[in-house]
Each structure stands twice: as structure tokens, then as C-alpha cells.
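# Fold and contact review
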Amino acid sequence: MALQGPVPVTFDMVFPHGCYVVGEVEPVKDFDASAGGRFVQARDKQTGELVWQVAVMDGDPTLKPAQKTVAVKILAPVQPVPPQPMPGLPFTPVEFDGMSVTPYVNAAGRLAYSIKVREMHAPRPTAQPTAKAGKDAA
């Protein structure tokens, strides 16, 4: 089979309703290398980059509460910084670039996905249709 390892995806494929930072960016622990109270940060098996993790809330209104929060792993040489909070919003909107997903079977025997990204940034502005464009099309 030609499809092996992480599957490249776009942000809009994974989070079509957007997503929001709801936790701190933290280093991921390498459980095999950490021993005797010594913390060793995980490195990505394919790239060797340090692995960080941030909890995000999926903006999809149809998800059940238990499905809304997911962990996103960020591959970066230094700790990534989330975008600045937006005034008037309880959570910080975020977008990711260089995304991939790796399917796996979780402890409950259900299909789950590990999400890895290369960059985290504030959402890009989206082009809004203008009233004039709508009149020209008629």
C-alpha cells in the first residue's frame, strides 16, 4: 500500500468550523527515555524535532462535549507561542499549517487520530463577498 505513516491534511479538512486554544503549550514526555524522576522530551520519529502539545476546542457545533477538545502535537525546535487572545472572546482562535493525521485504535477499541502540525498562528482573514460583487453576478 502506498499510504504509510502520517497522512497530510489541511486545516479546513480537520477543523472546518475553526478551533480555539484551551490549554498551555507543553512539552510531550518521552516515557521510554524518562526515568528516575528525569524528564526527557519526546522527539518525532520521522523528523527528530521536539514534540509539544496544546489542547484545542473544535468549533463544530454538532460534536458532543466529550469530543470537542483534542490534543494537537506541534513539531518545533523551541516552544511555540499561541496567537494573542482576541478581545471579547473567551478562547483564542488558532490555525495550523503543515498538518498530518495518523490513525490508530485507542484503548476503547475505537478509531482515533493523532494530529501533528508544523506551525501554529492566528487565523488568516477570510475574503468576504461584497454587495457589489453580488449585484454584478445578477
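These lines cover the structure that appears in this document, whether it is placed above or below.

Reading the values: the criteria
Residues numbered from 1 in each chain as written. Predicted model: local features only at pLDDT ≥ 70, side-chain atom pairs only at ≥ 80, totals over all residues. Heavy atoms only, no water. Helix = DSSP H or I, 4+ residues; strand = E, 2+ residues; numbered from the N terminus. Rg over C-alpha atoms; globule rule 2.2 N^0.38 Å. Contact = heavy atoms within 4.5 Å. Areas by Shrake-Rupley, 256 points an atom, 1.4 Å probe, with all protein chains shown as cover. Lys, Arg positive; Asp, Glu negative; His and termini not counted. Charge placed at Lys NZ, Arg CZ, Asp CG, Glu CD. Polar contact = N/O pair within 3.5 Å; in protein donor to acceptor, adjacent residues only side chain to side chain. Pairing = 2+ DSSP bridges. Core = buried A, V, L, I, M, F, W, Y, C linked by side-chain atoms within 4.5 Å. Buried < 20%, exposed > 50% of the residue type's maximum accessible area, 1.4 Å probe, protein only. Salt bridge = Lys/Arg side-chain N within 4 Å of Asp/Glu carboxyl O. Phe/Tyr/Trp six-rings, centres within 6.5 Å; stacked < 30°, edge-to-face > 60°.

### Overview of the overall build of the protein chain
- Check the secondary structure of the protein chain and you find three helices and nine strands.
- When the helices and strands of the protein chain are listed from N to C terminus, the series reads β-α-β-β-β-α-β-β-β-β-β-α.
- Over its C-alpha trace the protein chain gives a radius of gyration of 18 Å, far above what one expects of a compact globule, namely 14 Å for 138 residues.
- Along the three orthogonal principal directions, the C-alpha set of the protein chain runs to about 70 × 40 × 30 Å.
- Here the contacts in the protein chain between residues at least 6 apart in sequence split such that 61% fall between residues at least 24 apart.
- For the protein chain, the exposed area adds up to about 9,500 Å²; of that, 58% sits on carbon and sulfur atoms.
- The distance from the centre of the 13 positive side-chain charges to the centre of the 13 negative ones in the protein chain is 3 Å.

### Some thoughts on the environment of D30
- Assignment of secondary structure puts D30 in the loop between β3 (26–27) and β4 (51–58).
- Taking the C-alpha atoms as reference points, D30 and C19, separated by eleven residues in sequence, lie 27 Å from one another.
- Polar side-chain contacts of D30 include one of 3.0 Å to the backbone nitrogen of A33.

### Notes on the pairing of strand β7 (residues 100–105)
- With two bridges connecting them, strand β1 (residues 7–8) and β7 associate as antiparallel partners. Residue pairing in the sheet places V7 in a bridge with V101 of β7.
- Looking at chain direction, β7 and strand β8 (residues 111–117) are connected through six bridges and run antiparallel. Its bridge partner being in β8, Y104 is matched across the sheet by A112.

### Some points on the nonpolar core
- Judged by nonpolar contacts, the single largest core of 20 residues is most densely connected at F15, V54, V56, V72, F96 and M99.
- Only β2 (19–21), β4, β5 (69–75), β6 (92–97) and β8 provide two or more residues apiece to this core.
- Ignoring any residue separated from it by four or fewer positions in sequence, one finds V54 in contact with V21, G23, E24, V25, V70, A71, V72, I74 and F96.

### Section: the pattern of salt bridges
- In total, this model carries four salt bridges according to the counting rule given.
- Its salt-bridge partner being K116, residue D44 comes within 2.6 Å of it at the nearest N-O pair. Placement of D44 in the loop between β3 and β4 and of K116 in strand β8 is noted, with a sequence separation of 72 residues between them. With respect to class, D44 is no different from K116; both count as buried.
- Notably, a salt bridge pairs E95 with R124, separated by 3.8 Å at the nearest N-O pair. Placement of E95 in strand β6 and of R124 in the loop between β9 (119–121) and α3 (131–137) is noted, with a sequence separation of 29 residues between them.
- Among the charged side chains, a salt-bridge network with shared partners connects E95, D97 and R124.

### What to know about the packing of aromatic side chains
- In this structure the tally under the stated criterion is two aromatic pairs.
- Their ring planes at 40 degrees and their centres at 5.6 Å tell us that F11 and F15 sit as a pair that is tilted. Like F15, F11 is buried.
- Aromatic side chains F11 and F96 sit 6.4 Å apart centroid to centroid with 50 degrees between the ring planes, which places their arrangement in the tilted category. Taken together, the residues span a long stretch of sequence, with F11 in helix α1 (residues 11–14) and F96 in strand β6 at a distance of 85 residues. For the pair formed by F11 and F96, the shared burial category is buried.
- By way of ring pairs, the aromatic residues F11, F15 and F96 are connected into one cluster.

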